Protein chains: 4
Amino acid sequence: MAFERMIKNAFEESRNNCRFGDTLEEIREIQDYIKNAKRICIPNKNGIKVEVLNKVLSEYDLPSAEILHINTNTADTSRIPALAKAYMALDQSDADLIIARGRLGIPGSGSLLIFIDNKGRILTAGTSPSHVIHKKSIEQAVYEEACEALEKIGFEKVEK
Amino acid sequence: MAFERMIKNAFEESRNNCRFGDTLEEIREIQDYIKNAKRICIPNKNGIKVEVLNKVLSEYDLPSAEILHINTNTADTSRIPALAKAYMALDQSDADLIIARGRLGIPGSGSLLIFIDNKGRILTAGTSPSHVIHKKSIEQAVYEEACEALEKIGFEKVEK
Amino acid sequence: MAFERMIKNAFEESRNNCRFGDTLEEIREIQDYIKNAKRICIPNKNGIKVEVLNKVLSEYDLPSAEILHINTNTADTSRIPALAKAYMALDQSDADLIIARGRLGIPGSGSLLIFIDNKGRILTAGTSPSHVIHKKSIEQAVYEEACEALEKIGFEKVEK
Amino acid sequence: MAFERMIKNAFEESRNNCRFGDTLEEIREIQDYIKNAKRICIPNKNGIKVEVLNKVLSEYDLPSAEILHINTNTADTSRIPALAKAYMALDQSDADLIIARGRLGIPGSGSLLIFIDNKGRILTAGTSPSHVIHKKSIEQAVYEEACEALEKIGFEKVEK
């Protein structure tokens, strides 16, 4: 029962017109969920993104992830391919945290790296423009998206 | 028939394992769609975000948007509140471009500003952390998200 | 602007706790939309379902549909495969009415035949159990689902 | 790890063009999940639907459900209101089975009663036309939808 109470409270606040933005407690709950994840999966055909993501997770002192071998090509026909990939991993594994990367929307819309919990709820995300716009290597793009996603919810790099 | 052919092509490429990322042509189609939008709507209760967004649209020499008065509080119970707001506007208006802003995912996950077309397809997006993380004014956050969304698909500010 | 006003009204009723179920006017608007559809598409690999569906459409004196050749296998990885197929057709064609059939949910959950409009909104649907439960031919199952979907919104077979 | 392996297998079959419909094993897995549910929740404002649903569950010798008090009005702005209600219950409780009833699609499209598991996956469903079409009492409509949903996945009423 990770987020249920917090979601219920936020929902009541919205309904009563007394919601004034996210709170530090909510952000800390997301942080705790990620810190305590028992099985982090990354759906992917090959291991390149996984190496980069584990480098990032380590820099923020977070548990490491494993690859979930799925041919996620089929996700490209979905409205939000990155989310479709995440749901494929959710439906085919017992991971409690999934990190997936794919297109944000239609072709040309760039990429989205997304963290979802064991019920498919979005915890955080990072985005990049298409490669033809940013010209970065895929490793660099994934690295920056993951850092963006983690810093967005208050994580900081840890000195080692 | 704005994006149908391009989506069909990209889909075939994915299925045949010969998709190598977004192309400049795809990005230009998104740009053309936005430049030629006849009615741009922003679902909102009040006008603050609309003023900021019109300032941004003007800086990139794009057509201006109008407010669509909807109480979008109910969107907060959705999995992706920003997208739920966009769909509320899509379903209740004849806009061909909708710009909506709301929470990205669960409480604490920050905000998402999203552009969708007349069929509900995502064209681009910008994101911010929660206010308690970034400490910016809402005007500044909306401004930066909108610039991020437009530059992500290759638009540049126009000297006036 | 087929359904926008009606959706706006229903939404206001719900929000004000004075929505008392669907009205005859709403059902008639759905009927009119289907009667006046200019291009009805059925996403499919082969033509069997299309023949059956056109037989049904004719029995209810409705315009006939055409096949949209798409390999919709990839939809099976979605949460609602029937809806994913419908959206693939929506995104790759200029149809204003799409009839798609696929699995309802997870494997074993049976099938769903769904009608969506040109913005992806669900107009009606029919369902069947899995073949191993009902033992009917696929033609018979599709026939009955389509009749169910049409009668659900008040259409009746026309004597010829 | 209830359905993960079965979903993975079905996915591989689809991808390899050797999926020939749902299997009895898949249907039995859905049955087992429902029989063994530890906490069944029904999101609702009042108790009427819950009484009817518990009557049905008892007739099929299944564990009984409890009400989850949520104002689900806001779900009516979603594309599939019944599913949106189910997700509200999923996100605000620790139920491992949720039964929700709401509109199928746009106003006029009738109602959908849906069973989802602890990850939000659809197990089965029953539907009704709008009240103005079928003229049944709400109790009768809910009763029939629930029986339809259970018989669709092979459950039979138990003599007592």
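Predicted, not measured: the structure shown is a model, and the values here were computed from it. (Residues numbered from 1 in each chain as written. Chains lettered and ligands numbered in written order. Predicted model: local features only at pLDDT ≥ 70, side-chain atom pairs only at ≥ 80, totals over all residues. Heavy atoms only, no water.)

1. Thoughts on unusual backbone geometry
Heads up, the rule is: Elements are defined by DSSP. Helices are runs of H or I of four residues or more, strands are runs of E of two residues or more, and each kind is numbered from the N terminus. Note on classification: 1.4 Å probe, protein chains only; a residue is buried when its accessible area is under 20% of the maximum for its type, exposed when over 50%, partly exposed between these limits.
Despite not being glycine, Asp61(B) shows a phi value in the positive range, around 60 degrees. Structurally, Asp61(B) can be placed in the loop between α3 (48-59) and β2 (66-69). For Asp61(B), a relative accessible area of 52% gives the class exposed. At Lys135(C), a residue that is not glycine, the phi angle is positive and equals roughly 65 degrees. Note that Lys135(C) resides in the loop between α5 (131-134) and α6 (138-152). A relative accessible area of 66% places Lys135(C) in the exposed class.

2. Description of the relation of the copies chain D and chain A
The criterion, for reference: Our superposition of the copies is a least-squares fit, built on the C-alpha atoms of residues whose pLDDT is at least 70 in both.
Expressed as a screw transformation, the operator carrying chain D onto chain A has a rotation angle of 180 degrees and an axial translation of 0.0 Å, and the superposed copies differ by an RMSD of 0.0 Å. Viewed as a symmetry operation, the transformation between the two copies matches a two-fold axis. In terms of proximity to the rotation axis, the leading residue of chain D is Lys119(D), whose C-alpha is 2.3 Å off the axis.

3. Section: the interface of chain A and chain B
For interface size, the figure often reported is the accessible area lost on association. We count it as follows: For this analysis, residues touch if any pair of their heavy atoms sits within 4.5 Å. Throughout, buried area stands for the accessible area (probe radius 1.4 Å) lost by two parts on being put together, summed over both. Think of a salt bridge as a Lys or Arg side-chain nitrogen and an Asp or Glu carboxyl oxygen that are within 4 Å of each other. Throughout, the ten residues Ala, Val, Leu, Ile, Met, Phe, Trp, Tyr, Cys and Pro are labelled nonpolar, Asp, Glu, Lys and Arg are labelled charged, and all others, Gly among them, are labelled polar.
With 48 residues of chain A in contact, the opposing surface of chain B contributes 48 residues. With both sides pooled, the region where chain A packs onto chain B buries about 3,600 Å², and carbon together with sulfur makes up 63% of that total. At the junction of chain A and chain B, the tally comes to 0 salt bridges. Ranked by residue count, the leading element in the side of chain A that touches chain B is strand β5 (residues 122-128) of chain A, at 6 residues. Taken together, the residues that form the side of chain A that touches chain B break down as 21 nonpolar, 15 polar and 12 charged.

4. Concerning the pattern of salt bridges
Under the counting rule described, the total for this entry stands at 60 salt bridges over all chains. Between Asp91(D) and Arg79(B) there is a salt bridge, and its shortest N-O distance comes to 2.8 Å. Of this pair, Asp91(D) sits in helix α4 (residues 81-92) while Arg79(B) sits in the loop between β2 and α4 (81-92), each in a different chain. In terms of burial, Asp91(D) and Arg79(B) fall into one category: buried. Notably, a salt bridge pairs Lys136(B) with Glu144(B), separated by 2.6 Å at the nearest N-O pair. Overall, Lys136(B) belongs to the partly exposed group, its relative accessible area being 31%. Assessed through its relative accessible area of 30%, Glu144(B) is described here as partly exposed. Sharing partners across several salt bridges, the network here consists of Glu4(A), Asp117(A), Lys119(A), Arg121(A), Arg79(B) and Asp91(D).

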